[in-house]
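Analysis of the macromolecular model
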Amino acid sequence: MDQIQLDEIARRVASAARQFAPHCHPTPAQKADACSVLRDMIQATEIHGVKFADFDAVADFPRMAIQLVQSRDAQH
């Protein structure tokens, strides 16, 4: 994964955080973790030929990554 792709993940997570701000207020650490989760998901599926565009066709994965991290934090 190159820097352009990593920057795009960060941009998309930040956009999701702004778009859904009334419902979720991720901390900077949660945004960073959401970027890492999304990066790792994409890297794990690349061996199957799945790209970021394929994720987009199915669901809002940047938002889901934020929600996943927030759920994790709420349990601790």
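To be clear, the structure that these remarks concern was listed above.
Heads up: these notes are all about the structure in this document. (Residues numbered from 1 in each chain as written. Predicted model: local features only at pLDDT ≥ 70, side-chain atom pairs only at ≥ 80, totals over all residues. Heavy atoms only, no water.)

This paragraph deals with the side chain of Q30. Tracing the chain through its elements places Q30 in helix α2 (residues 28–45). Discounting chain neighbours no more than four positions away, the residues touching Q30 are H25, V69, Q70 and D73. (Helix = DSSP H or I, 4+ residues; strand = E, 2+ residues; numbered from the N terminus. Contact = heavy atoms within 4.5 Å.)

With that out of the way, let us pick up the environment of E46. Residue position: E46 is located in the loop between α2 and α3 (52–58). Given the relative accessible area of 30%, E46 is considered partly exposed. (Buried < 20%, exposed > 50% of the residue type's maximum accessible area, 1.4 Å probe, protein only.)

This part is about the pattern of salt bridges. For side chains of opposite charge, pairing can occur when their charged atoms come near one another. Under the criterion given, the structure shown has 6 salt bridges. D33 is the partner of R72 in a salt bridge, and the nearest nitrogen-oxygen pair spans 2.8 Å. With R72 in helix α4 (residues 61–74) and D33 in helix α2, the pair connects residues that are 39 residues apart, well separated along the chain. Under the relative-accessibility criterion, D33 is labelled partly exposed at 29%. Each of E8, R11, R12 and D56 takes part in a single network of salt bridges with overlapping partners. (Salt bridge = Lys/Arg side-chain N within 4 Å of Asp/Glu carboxyl O.)

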